[in-house]
Amino acid sequence: MLLTGDNATVARAVAAEVGIDEVIAEVLPAEKVDVVARLQAEGRTVAMVGDGVNDAAALARADLGLAMGTGTDVAIEASDLTLVRGDLMAAVDAIRLSRRTLGIIRGNLFWAFAYNVAALPLAAAGLLNPMLAGAAMAFSSVFVVANSLRLRGFRPAG
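These numbers come from a predicted model, not from an experiment.

Here is what the cut-offs are and how they apply
Residues numbered from 1 in each chain as written. Predicted model: local features only at pLDDT ≥ 70, side-chain atom pairs only at ≥ 80, totals over all residues. Heavy atoms only, no water. Helix = DSSP H or I, 4+ residues; strand = E, 2+ residues; numbered from the N terminus. Rg over C-alpha atoms; globule rule 2.2 N^0.38 Å. Buried < 20%, exposed > 50% of the residue type's maximum accessible area, 1.4 Å probe, protein only. Contact = heavy atoms within 4.5 Å. Core = buried A, V, L, I, M, F, W, Y, C linked by side-chain atoms within 4.5 Å. 1 Å grid on protein atoms, 1.4 Å probe; cavity = no way out; pocket = protein on both sides within 12 Å on 5 of 7 lines; lining within 4 Å. Points joined across faces, edges and corners; volume = space filled by probe spheres on them. Nonpolar A, V, L, I, M, F, W, Y, C, P; charged D, E, K, R; others polar. Phe/Tyr/Trp six-rings, centres within 6.5 Å; stacked < 30°, edge-to-face > 60°. Patch = residues over 30% accessible without salt bridge, like charges linked within 9 Å, V, L, I, M, F, W, Y side chains within 5 Å. Areas by Shrake-Rupley, 256 points an atom, 1.4 Å probe, with all protein chains shown as cover. Salt bridge = Lys/Arg side-chain N within 4 Å of Asp/Glu carboxyl O. Expected span 1.5 Å × (residues − 1). Arc of directions from axis to C-beta. Polar contact = N/O pair within 3.5 Å; in protein donor to acceptor, adjacent residues only side chain to side chain.

**Details of the overall build of the protein chain**
Item 1. For the protein chain, the count of helices and strands is six helices and five strands.
Item 2. When its helices and strands are written in sequence order, the protein chain yields β-α-β-α-β-α-β-α-β-α-α.
Item 3. The C-alpha atoms of the protein chain give a radius of gyration of 23 Å, which is well past the 15 Å a tight globule of 158 residues would have.
Item 4. Overall, the protein chain is about 75 × 30 × 30 Å in size when its C-alpha atoms are taken along their principal axes.
Item 5. The burial tally for the protein chain puts 25% of its 158 residues in the buried class.
Item 6. Look at the contacts in the protein chain between residues 6 or more apart in sequence, and 28% of them connect residues 24 or more apart.

**Notes on the nonpolar core**
Item 1. Ranked by size, the top nonpolar core spans 12 residues in total: L3, V27, V35, V36, L39, V46, M48, A58, L59, A62, A67 and A75.
Item 2. Secondary structure elements with two or more residues in this core: α2 (29–41) and α3 (56–61).
Item 3. The biggest single contributor to this core is α2, with three residues.
Item 4. Here L59 is in contact with M48, V49, G50, G65, L66, A67, A75 and A78, once residues within four sequence places are set aside.
Item 5. Grouped together as the second largest cluster of nonpolar side chains are six residues, L83, A90, A91 and A94 included.

**A word on the layout of surface pockets**
A water-sized probe rolled over the atoms picks out the places where empty space is left.
Item 1. Counted as a void, the largest pocket has a volume near 1300 Å³.
Item 2. Taken together, 41 residues line the largest pocket, and the ones lying closest to its centre are M1, L2, M48, V49 and L88.
Item 3. Taken together, the elements giving at least two residues each to the lining of the largest pocket come down to β1 (2–3), α1 (8–18), α2, β3 (47–50), β4 (64–68) and α5 (89–124).
Item 4. Ranked by the residues each element gives to the lining of the largest pocket, the list is headed by α5, at seven residues.
Item 5. Here the residues of the lining of the largest pocket are counted per class, giving 26 nonpolar, seven polar and eight charged.

**Considering the packing of aromatic side chains**
Item 1. In the structure shown here, the tally under the stated rule is two aromatic pairs.
Item 2. With a centroid separation of 4.9 Å and 80 degrees between ring planes, the pair formed by F110 and W111 is classed as edge-to-face.
Item 3. Arranged with centres 6.3 Å apart and planes meeting at 75 degrees, the rings of W111 and F143 form a pair that is edge-to-face. Of this pair, W111 sits in helix α5 while F143 sits in helix α6 (residues 130–148); the two residues are 32 residues apart in sequence, bridging distant segments of the chain.
Item 4. An aromatic cluster of three or more residues is present, and its members are F110, W111 and F143.

**Looking at a nonpolar patch on the surface**
Item 1. A cluster of nonpolar residues, L102, I105, L109 and F113, forms a patch on the protein surface that exposes about 390 Å² of accessible area.
Item 2. Residue position: L102 is located in helix α5.

**Structural notes on α6**
Item 1. Helix length check: α6, at 19 residues, gives a terminal C-alpha distance of 27 Å against a target of 27 Å (1.5 Å per residue), a fit within 8%.
Item 2. Taken as a whole, α6 has its buried residues at A133, S140 and N147. Each buried residue of α6 sits inside an arc of 60 degrees when the element is viewed along its axis, so together they form one side. Exposed side of α6, more than 90 degrees from the buried face: M131, F139 and V142 are the residues found there.
Item 3. Buried residues belonging to α6 abut α5.
Item 4. Residue N129 occupies the N-cap position of α6, its side-chain oxygen lying 2.7 Å from the main-chain nitrogen of M131.

This is the structure we're talking about:
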């Protein structure tokens, strides 16, 4: 959805060029907040990208507010995340990277808990040699770091 205070004709032309179907134009800042609230009331998760003073309240209201780093200080302060580049593809890249990061965090937590669930009872029962337990603990730390380093392979789409 393109939600803008700009002229409707210009907004429709921009939306058509980038493949956006729904356009709400010529809205005031309070109306932007109302649209975000309505979408949230429908059960949608709302990410909003903005760069101006007129976007600040809606950025703050959205589930994820993304401010363009080339925008105003008010928008940057109201947002959750600031995109350094003035390129909308940076928003897509930020969401992709955050999803990949969460996946790796979940994997790291799973393996750390699995290790502890398996190793703690064995160690408590005296069935696990302390040298092996120490080596396994060191390996689990190395695994977490190595798994996290996979994020270095992330390549932006834009």
